[in-house]
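Here are the chains, one letter per residue:
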Amino acid sequence: MGVHAASAAQKPNLVVFLVDDLGWQDVSQPFWTERTAQNATFHTPNLERLCDEGARFTQAYAHCVCTPSRIGILTGEHPARTGVTNWTLRKDTPTDAPHATLTPPNWNCNGLQPEQGVDRSYSAPTLPQRLAKQGYETIHVGKAHFGAAGTRGAEPLQLGFTKNVAGHAAGAPASYLAKDGFARSGSDPIWNVPGLDAWHGKDSFLTDVLTQEAIALVSRAIDERKPFFLHLAHYAVHTPIQRDEARIARYLAMGLDPKEAAYAALVEGIDDSLGALVEFLRARGALDNTVIVFASDNGGLSAHARGGTPHTHNAPLRSGKGSAYEGGVRTPFAIRWPSVAAPGSVIDAPCAIEDVFPTLCNAGGADASCNYGQDLAPLLAGEKRDRDLFWHYPHSWGATGPGISMTSSIRSGDWKLVWFWDRAECELYDLSKDLGEQRDLAAAQPETARALRNKLRAFLLESRAMLPVRKDGIAIAMP
Ligand code: CA
């Protein structure tokens, strides 16, 4: 019997293992044809094993900042449609940095909300709501960052989760250290990680604490013979890049810059978490009836706060988090799914973070309807898919760097076109020959550029995407 036809008692358990800000090169498992120097720096044997036992995706994409990707997992909807095109924090308070010539649109800065009728907020059932209806225990552990503080959407329990540990409005922890109470004196308390009071004062690191909390809740679901959906969304490897003393020695001994050594230790922490979860499921006899999706919510941070040269950490990809270039949006992605994903398989088809939604809805026997995400199971079975992907980021992120601008973009076949709203110009790259987006072919290939601009414009109109406005009052130019 296939997974899709399984009876309620045999429903597969579903896990989204989401890492924050993990770059395409930030792991020892290559998601490319080559093993790079960065791959050799990081130590993620549990992810390597997950890929050996499942499928890895070489062209998986998220959005360039946190919240749009996170809402994509929960809804299958593109941010151009939900209006949550940037990261959220406080009610009715946009997080945009100022821009010299453009004003950002009046985007949905409150994020995902359970209410009907709020302007442009999403009102169809979320992934956990749909799975709960199928008898699932729906467990959120870690960083939520779905809705702004002071709104109902800040609380995962309002969005369909039956359990929530440590998730709220903020997208970063004040501190990873339990001895600090996951808080930092002098910092705005909005960043304090909630709900972990029993750990305060102990000598524990946040990543390990979240792993233990997740395993305890999963253990209870197994005891109660309930299928579970675990959304284990680590705060790591987001800033602050703090030292994980239990793991940093290896990287200091390698001679890494101290900040990069701390970053690599954060990465190893999430890999240890993955390993602990998998081993727990194996020990409980639940592993082979569990689908595990490994993902990151945006490209690796490279504009600031890292050691070494800015904008180089995702090489051969250009730039990093916040950018329309590949470094900002291409991410590590893998699925372990016995009976569906052949061990060691490699999926080269481009796919989007929103695809997690219909994939897991279908796996759990729930309604999978949505406007943007597509089920990944057929790809795992060998289907070829020719599909365009889109991004819409009409915002000033704050940090500056290559491709960090008000942009919308499209990937179609091997081509990638980025539209810069302030310049009213596009850039065009052939990713099959120029993965690093160094040779702009917009002038040399005008027909291709025109075709992609037409597709991008049509997508933005069809999605009712909100656009930036020129401060001089002249109508903004569409792609
Ligand atoms: Ca992120």
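Before any of the text, the structure's been laid out above.
Residues numbered from 1 in each chain as written. Predicted model: local features only at pLDDT ≥ 70, side-chain atom pairs only at ≥ 80, totals over all residues. Heavy atoms only, no water.

**Quick notes on the coordination of the calcium ion**
Convention followed: Water is not part of the atom set, so a site may look incomplete; the donors themselves are N, O and S atoms within 2.8 Å of the metal, or 3.2 Å for Na, K and Ca. Four donors are marked tetrahedral only if all angles between them lie between 85 and 135 degrees, whereas four are marked square planar and six octahedral if opposite donors are more than 155 degrees apart and the other angles lie between 65 and 115; the remainder are marked irregular. Relative accessibility under 20% of the residue-type maximum defines a buried residue, over 50% an exposed one, and the middle range a partly exposed one, all with a 1.4 Å probe and only protein chains included.
The calcium ion binds to the protein through Asp20 (OD), Asp21 (OD), Cys66 (SG), Asp297 (OD), Asp297 (OD) and Asn298 (OD1); the donor distances cover 2.2 to 2.6 Å. Every donor counted, the six donor atoms about the calcium ion form angles of 53 to 157° at the centre, which fits irregular coordination. With a relative accessible area of 1%, Asp21 lands in the buried category.

**Notes on the sheet that holds strand 14 (residues 407-412)**
Counted only if it meets this: Strand pairing requires that DSSP identify at least two bridges connecting the strands. Per the convention used, a helix needs a DSSP run of H or I reaching at least four residues, while a strand needs a run of E reaching at least two, with both numbered from the N terminus. Axes here mean lines fitted to C-alpha atoms, for a helix over just the part in contact, with angles spanning 0 to 180 degrees between N-to-C directions. The contact definition used throughout considers only heavy atoms, calling two residues in contact when any of these lie within 4.5 Å.
Strand order in this open sheet of four strands is 13-14-15-16, and the pairing throughout is antiparallel. Since the sheet does not close on itself, it has two edges, and those belong to strand 13 (389-393) and strand 16 (425-430), each with one partner. Averaged over all neighbouring strand pairs, the angle between strand axes comes to 10°, with direction disregarded. Pairing of strand 15 (residues 415-420) with strand 16 involves six bridges; the strand directions are antiparallel. Residue pairing in the sheet places Trp419 in a bridge with Cys426 of strand 16. Relative to strand 15, helix 12 (residues 446-462) is tilted by about 65°, and along the sheet it contacts strand 13, strand 14, strand 15 and strand 16.

**Here we look at the packing of helix 2 (residues 45-53) against helix 8 (residues 258-283)**
Cut-off, in case you're wondering: Angle categories: roughly parallel below 35 degrees, roughly antiparallel above 145, roughly perpendicular from 65 to 115, and oblique for all the rest.
Running from N to C, helix 2 and helix 8 point in directions that differ by 50°, and their axes come no closer than 7 Å. Considering the angle they form, helix 2 stands oblique to helix 8. Counted together, Pro45, Asn46, Leu47, Arg49, Leu50 and Glu53 of helix 2 and Asp271, Asp272, Leu274, Gly275, Val278, Glu279 and Arg282 of helix 8 form the full contact between these two elements.

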